[in-house]
Amino acid sequence: MSERDKSAPPIRIAMLGAGTVGSSIARLLTRHQHDLAHRVGANLELISVGVKDINKPREGIPQSLLTQDLESVALSRADIVIEVMGGIEPARTLILAAMNAGSSVITANKALMAEDGAALYSAAEESGVDLYFEAAVAGAIPLIRPLRESLAGDRVTKVMGIVNGTTNFMLTKMDEEGAEYDEVFAEADSLGYLEADPSLDVDGIDAAAKAAILAELAFHTRVTLADVYCEGIGSVTKADITAARDMGFVIKLLAIAELISTDDLEDGIVVRVHPAMIPLNHPLANVRGSFNAVFVHAEAAGEMMFYGRGAGGDPTASAVLGDVVAAARHRVLGGRGPGESTYSGLKVLDIGRAETRYYVNLDVRDRPGVLAQIANAFAANGVSIQVVRQDGHGYEAGLIVRTHRGSEAALRATVVQLESMDEVRKVVGVMRVEGEE
Ligand SMILES: NC(=O)c1ccc[n+]([C@@H]2O[C@H](COP(=O)([O-])OP(=O)(O)OC[C@H]3O[C@@H](n4cnc5c(N)ncnc54)[C@H](OP(=O)(O)O)[C@@H]3O)[C@@H](O)[C@H]2O)c1
């Protein structure tokens, strides 16, 4: 540090929560204090840490810093308050109080950002402080800053990724080991990978919160969790995974936000989370286990992929500390990070407007003319067939149809028609296919 930096007053940091992420932050703040001081131009000093149970042993955090009085932490007038407690309340009230008291806030709380990011942004604006949340999406992977800053000169058209490591771990196990859903659920549970409320993972809610945050940044449009179409992985069977493999695909839980622009209908965005088949040669197909990856398409930049560890104490702490350095520099040098950008105000469209391909697995009566009848049902709804594969002869036959791109509404109408046909004994499975042009 220069002589001037040495005399700079320390940047005081208070922290709400000291669990998996918070304890890593505290440890890394100490371990890297020398480097961080140089990067910021002032020493960083942890002044208080709010927790639920003050008596839990916490390595690396002096007992004297711990308190159960979270309000006192929020109102400490620290330069930076880090919120890593999670949940909506009391986190929201505490963050608003901290900003109101003049502290910049760094949060890893995707649930809160997706539900009420607008309130947090406006409090930051009113108080002239920073609001950073890199760790809220995809853990260690720098993704928020690239969307908020690096790509601010471009026009993003699509964001598609694997943003929930637990469901990716489960689907990878089902794919590679032929395991059933119930078995991999039990394994994820025994390894402690599932959230306290497992539906946040398996029903896609965690991924949907992250999709809302990414969509808002990518399209400069306010998007909340309620705007995201969401299907989880509970209905994915071993048979679906085997069928996908046979066709050269793998099933992933994808979060997708895309710009929809057609000649005849209003432009807007669709934000969705659901299991989908992607070709084995697609970069996202090789994202295994608990890793995350996000594919971004921007008009000028083209395609980019961001890949890395999406969770865990140290990886998430890395993202938080990057934000700490940015906010601390502003305290030392002046200036503020970007605020909310929702000027585009695009309409968030119904899932029916999404453009996708379908895989449809049909159990049909094996009699002459069936194929033609089924092809007619697709054609009648304006959906064109890409590939048909027939299995078996005799009374029962399996038919697998993959379509070209069509609107989700047209594809759904096709499935409804198929279900009503005498030639179709059962629509066995339907899945969206992504990642093919
Ligand atoms: N874990 C990850 O890999 C990861 C990745 C990305 C983002 N995040 C986000 O980071 C945040 C923290 O996650 P985490 O895994 O570190 O959670 P955690 O291990 O459950 O830790 C939560 C911490 O907050 C404290 N806390 C929670 N509610 C409280 C309350 N009402 N009053 C006082 N203290 C309270 C707990 O105190 P006690 O210790 O006394 O119980 C604990 O120290 C969440 O928003 C999560 O979504 C986590």
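Residues numbered from 1 in each chain as written. Predicted model: local features only at pLDDT ≥ 70, side-chain atom pairs only at ≥ 80, totals over all residues. Heavy atoms only, no water.

**What about the pattern of salt bridges?**
Reasoning step 1: Inspection of the entire model under this criterion finds 27 salt bridges.
Reasoning step 2: Residue K110 pairs with D206 through a salt bridge whose shortest N-O separation is 3.4 Å. Here K110 is found in helix α6 (residues 110-127), whereas its partner D206 is found in helix α11 (residues 205-219), with 96 residues between them in sequence.
Reasoning step 3: Classification of K110 as partly exposed rests on a relative accessible area of 24%.
Reasoning step 4: Each of K158, E258, R272 and E434 takes part in one network of salt bridges that share partners. (Salt bridge = Lys/Arg side-chain N within 4 Å of Asp/Glu carboxyl O. Helix = DSSP H or I, 4+ residues; strand = E, 2+ residues; numbered from the N terminus. Buried < 20%, exposed > 50% of the residue type's maximum accessible area, 1.4 Å probe, protein only.)

**Looking at the pairing of strand β11 (residues 291-298)**
Reasoning step 1: Burial runs high along β11: six of the eight residues are buried.
Reasoning step 2: Sheet topology places strand β7 (residues 156-162) next to β11; six bridges connect them, and they run antiparallel. In the strand pairing of β11, G161 is matched with V294.
Reasoning step 3: Pairing of β11 with strand β12 (residues 302-309) involves eight bridges; the strand directions are antiparallel. Directly across from H297, in β12, lies its bridge partner E303.
Reasoning step 4: Connecting the antiparallel pair β11 and β12 is a turn made up of three residues. (Pairing = 2+ DSSP bridges.)

**Points about the site of the ligand**
Reasoning step 1: As a structural note, the neighbourhood of the ligand is formed by 22 residues, with A18, D53, K56, R58 and G312 the closest of them.
Reasoning step 2: Residue K52 places a main-chain N or O atom 3.0 Å away from an oxygen atom belonging to the ligand.
Reasoning step 3: Between the ligand and D53, the relevant distance is 2.7 Å, taken from an oxygen atom to a main-chain nitrogen or oxygen of the residue.
Reasoning step 4: Protein contact buries 76% of the 900 Å² of open area that the ligand shows by itself.
Reasoning step 5: Of the residues assigned to the shell around the ligand, the class counts are 10 nonpolar, seven polar and five charged. (Near = heavy atom within 4 Å. Polar contact = N/O pair within 3.5 Å; in protein donor to acceptor, adjacent residues only side chain to side chain. Areas by Shrake-Rupley, 256 points an atom, 1.4 Å probe, with all protein chains shown as cover. Nonpolar A, V, L, I, M, F, W, Y, C, P; charged D, E, K, R; others polar.)

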